Amino acid sequence: MSWTIGIIGGSGLYAIDGLEDARWISVESPWGASSDAVLAGRIGHVELRFLPRHGRGHRIPPHQLNVRANIDVLKRLGCTDLLAISAVGSLNAAMKPGDFTVVDQFIDRTKGRPSTFFETGLVGHVPMADPTCPRLSAFAADAVAACGGRVHRAGTYLAMEGPAFSTRAESRLHRSQGCDLVGMTGMPEAKLAREAELPYALLAMVTDFDCWHDGDDVDVANIMAVMQGNAALARASVKALCAALPPVRDASPIDTVLDQAIMTAPDVRDPAILAKNEAILARWLANQRTG
Ligand SMILES: CSC[C@H]1O[C@H](OP(=O)(O)O)[C@H](O)[C@@H]1O
Ligand SMILES: Nc1ncnc2[nH]cnc12
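Since we're looking at a predicted model, the values are computed, not measured.

Could you clarify how one ought to interpret the site of ligand 2 in this entry?
In the neighbourhood of ligand 2, 13 residues make up the surrounding shell, with Ala87, Gly89, Thr207, Asp208 and Asp210 lying closest. Taking Gly89, its main chain carries an N or O atom lying 3.2 Å from a nitrogen atom of ligand 2. In this structure, a nitrogen atom belonging to ligand 2 sits 2.6 Å away from a side-chain N or O atom of Asp208. Burial of ligand 2 by the protein chains amounts to 94% of its free accessible area of 260 Å². Contributions of two or more residues to the shell around ligand 2 are made by strand 5 (81–90), strand 10 (181–183) and strand 11 (200–208).

Any chance you could explain the packing of helix 1 (residues 67–76) against helix 4 (residues 186–195) here in plain terms?
Packed helices, taken two at a time, are described by the angle between their axes plus the distance between the axes. Following both chains from N to C, one finds helix 1 and helix 4 inclined at 40°, their axes separated by 10 Å at the closest point. When the interaxial angle is binned, helix 1 and helix 4 end up oblique. Crossing of helix 1 against helix 4: the hand is right-handed. Note on element contacts: helix 4 touches helix 1 through Pro188, Glu189, Leu192 and Ala193, opposite Val67, Arg68 and Ile71. Considering only residue class, the contact of helix 1 with helix 4 consists of five nonpolar, no polar and two charged.

Looking at this model, I keep getting lost on the environment of Arg23. Mind explaining?
Tracing the sequence through the fold places Arg23 in strand 2 (residues 20–25). For Arg23 and Ala231, which are 208 residues apart along the polypeptide, the C-alpha to C-alpha distance reads 21 Å. Every residue in contact with Arg23, bar those within four places of it in the chain, is listed here: Val38, Leu39, Ala40 and Gly41.

It is not clear to me how the nonpolar core should be interpreted in this structure. Could you clarify?
As a rule of thumb, soluble globular proteins bury nonpolar side chains together. Among the nonpolar cores identified, the biggest contains 37 residues, and Ile5, Ile7, Leu48, Leu83, Ile85 and Phe100 are the most heavily contacted of them. Ranked by the residues each element gives to this core, the list is headed by helix 5 (residues 220–244), at eight residues. Listed in part, the 34 residues of the second largest apolar core include Ile60, Val88, Ala159 and Ile280.

Looking at this model, I keep getting lost on helix 4. Mind explaining?
In an α-helix, one turn spans 3.6 residues; hence positions three or four apart end up facing the same way. Most of helix 4 is tucked away, with nine of its 10 residues classed as buried. Restricting attention to buried positions, one finds in helix 4 the residues Gly186, Met187, Pro188, Glu189, Ala190, Leu192, Ala193, Arg194 and Glu195. Packed against the buried residues of helix 4 are strand 1 (4–9), helix 1, strand 5, strand 7 (105–109), strand 9 (156–160) and strand 11. One or two residues past the end of helix 4 sits Glu197, with phi positive at roughly 60°.

Calculation rules
Residues numbered from 1 in each chain as written. Chains lettered and ligands numbered in written order. Predicted model: local features only at pLDDT ≥ 70, side-chain atom pairs only at ≥ 80, totals over all residues. Heavy atoms only, no water. Near = heavy atom within 4 Å. Polar contact = N/O pair within 3.5 Å; in protein donor to acceptor, adjacent residues only side chain to side chain. Areas by Shrake-Rupley, 256 points an atom, 1.4 Å probe, with all protein chains shown as cover. Helix = DSSP H or I, 4+ residues; strand = E, 2+ residues; numbered from the N terminus. Axes fitted to C-alpha atoms, helices over the stretch in contact; angles between N-to-C directions. Parallel < 35°, antiparallel > 145°, perpendicular 65-115°, else oblique. Left-handed = near helix turned anticlockwise from the far one by under 90°. Contact = heavy atoms within 4.5 Å. Nonpolar A, V, L, I, M, F, W, Y, C, P; charged D, E, K, R; others polar. Core = buried A, V, L, I, M, F, W, Y, C linked by side-chain atoms within 4.5 Å. Buried < 20%, exposed > 50% of the residue type's maximum accessible area, 1.4 Å probe, protein only.

What follows is the structure in structure tokens.
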């Protein structure tokens, strides 16, 4: 199998350059509108599908992202893996503004966001103990290092509801609980990627120290100033990642995670739910038919 990497670009990253055969593609989803059209193209032997998470021009706030539609359209466009890129605040003195961290754990403190493709008529429980893909994460970390960036190879990301930033007490609490980073979008994105059988890595660009850090209260102007410096490194890292991926993509255990996750007996599965999830479940459904 070859690689088709879906890139979900966060704050400050609304397109990528250097794509061969670049074109914007609009894709319909039964889950509603995705954040934007998808920029499709190729770098060397790797197909890329880039989705600006908040839409071009930054239209959609984190709590109103249609994450199910975003993951669904990337699946429909043939993505084999997802690399998310996000601006984050740091709760860890060693992770400084300008650094990158490849996230390996999440704490989900979002509230009431749709966070699953499953509903009555089709029940599934995917494992999330290790929520990110170690293989893609390692390639992403190596790519940032190869481009001269400072990169941390692990970190716990707390997903807050937002859109307001944390209070100082929240920031101190999350820091005391062992979180390294805070952002507003990594969840439910990582959960939905897992349900869609897409190995997911999150490259977090540290833009600020959040408000626990003396003299460093967070605001959007400061974040965007750091982002401007980081976005070029993020783009260069995407190119380096593509160059480093082997020509053939070996299977990942995440590619078939639904085989152990779906519990609903065949005779009580709701055909409408199966139809709505035709892209997410495509491999699993084909497997069910052939036994
Ligand atoms: C611009 S600061 C807050 C905003 O930035 C992050 O978004 P993303 O993860 O898409 O880069 C953060 O989660 C907030 O949504
Ligand atoms: N301090 C912060 N809190 C939440 N999300 C962020 N994104 C960038 N910086 C952030």
